[in-house]
Amino acid sequence: MHAVHELPPITVTTLDFDRLVVFGLDAYLRGDRQADFLLSELKRATVCPPRALPGEVVSVHRWVRYRLDEEPTVRGQLLVHPVDLSDMPDGLSVASPLGTALLGLRVGDRMPFHIDGTGTWHVVKVEGIGGHPVDEPAADRGALAPRGA
């Protein structure tokens, strides 16, 4: 696995920032240890109006295609606010370690994160934004394999 020596910059919309700060502070006060990661990421984020968010940035309610730890498989999920998980059970909560790591990244960025229960560090790389759910092997040049391949 390739190390990430510097954290990539992240960009978050004002709407997502406000909702996630409220959620994160509430979770922190309830003793949720994962809230620290979310709040620390929000603290270092650049904030912009929703209409100014570039299309290649991961945000809440956008599909993100990503690769974990140099695996050959590119996965895809809709990043969702934790409150919205009941309506979108296949979504990826932005409050999860993986979801927080993806928030605000641009296509091509790599971000380290760990899951408290295991203590194991992982690196996620953003492969694309938008599209439909995927969980397929990537083609030789890093593009998604066609469905049914």
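With respect to the side chain of Asp 109
By secondary structure assignment, the location of Asp 109 is in the loop between helix H3 (97–102) and strand E6 (110–114). No salt bridge is formed by the buried Asp 109. Its closest oppositely charged neighbour is Arg 106, at 5.7 Å. Non-local contacts of Asp 109, meaning those with residues more than four positions away in its chain, are made with Pro 8, Pro 9, Val 124, Lys 125 and Val 126.

A look at the pairing of strand E4 (residues 73–80)
Bridging between strand E3 (residues 63–68) and E4 involves 4 bridges; their strand directions are antiparallel. The residue bridging Trp 63 from the neighbouring strand is Leu 78, located in E4. The antiparallel pairing of E3 with E4 creates a hairpin that spans 4 residues between the two strands, and Asp 69 there sits at a positive phi of about 50 degrees. As defined by bridge partners, E4 adjoins strand E5 (residues 92–93) across 2 bridges and the pair is classed as parallel. Among the inter-strand pairings, Val 80 is bridged to a residue of E5, identified as Ser 93.

A word on helix H2 (residues 35–44)
When H2 is considered as a whole, its buried residues turn out to be Ala 35, Leu 38, Leu 39, Glu 41 and Leu 42. For H2, the buried positions fall inside an angular range of 160 degrees around the axis, keeping them on one side. Of the surrounding elements, those touching the buried residues of H2 are helix H1 (14–29), H3 and E6.

Here we look at the confidence of the model for the chain
Parts of the model with low pLDDT should not have their predicted coordinates read in detail. Of the residues in the chain, 83% have a pLDDT of 70 or more, and the chain-wide mean is 85. Contacts of residues 133–149 to residues separated by more than four positions or lying in other chains number 33 contacts, the stretch itself having pLDDT below 50.

Here's the deal with the side chain of Thr 13
Inspection of the secondary structure puts Thr 13 in strand E1 (residues 11–13). Side-chain polar atoms of Thr 13 contact the backbone nitrogen of Asp 16, separated by 3.0 Å. With sequence-adjacent residues up to four places away left out, Thr 13 is seen in contact with Val 47, Cys 48, Pro 50 and Leu 53.

Quick look at the pattern of salt bridges
Following the criterion strictly, the structure yields 8 salt bridges and no others. A salt bridge links Glu 70 to Arg 110; the nearest nitrogen and oxygen atoms lie 2.7 Å apart. Residue Glu 70 is found in the loop between E3 and E4, and its partner Arg 110 is found in strand E6; the two are separated by 40 residues along the sequence. Exposure remark for Glu 70: the relative accessible area of 42% places this residue in the partly exposed category. The class of Arg 110 is partly exposed, set by a relative accessible area of 21%. Counted as one network, the salt bridges with shared partners bring together Arg 67, Lys 125 and Glu 127.

Basis of the calculations
Residues numbered from 1 in each chain as written. Predicted model: local features only at pLDDT ≥ 70, side-chain atom pairs only at ≥ 80, totals over all residues. Heavy atoms only, no water. Helix = DSSP H or I, 4+ residues; strand = E, 2+ residues; numbered from the N terminus. Buried < 20%, exposed > 50% of the residue type's maximum accessible area, 1.4 Å probe, protein only. Lys, Arg positive; Asp, Glu negative; His and termini not counted. Salt bridge = Lys/Arg side-chain N within 4 Å of Asp/Glu carboxyl O. Contact = heavy atoms within 4.5 Å. Pairing = 2+ DSSP bridges. Arc of directions from axis to C-beta. pLDDT = per-residue confidence, 0-100. Polar contact = N/O pair within 3.5 Å; in protein donor to acceptor, adjacent residues only side chain to side chain.

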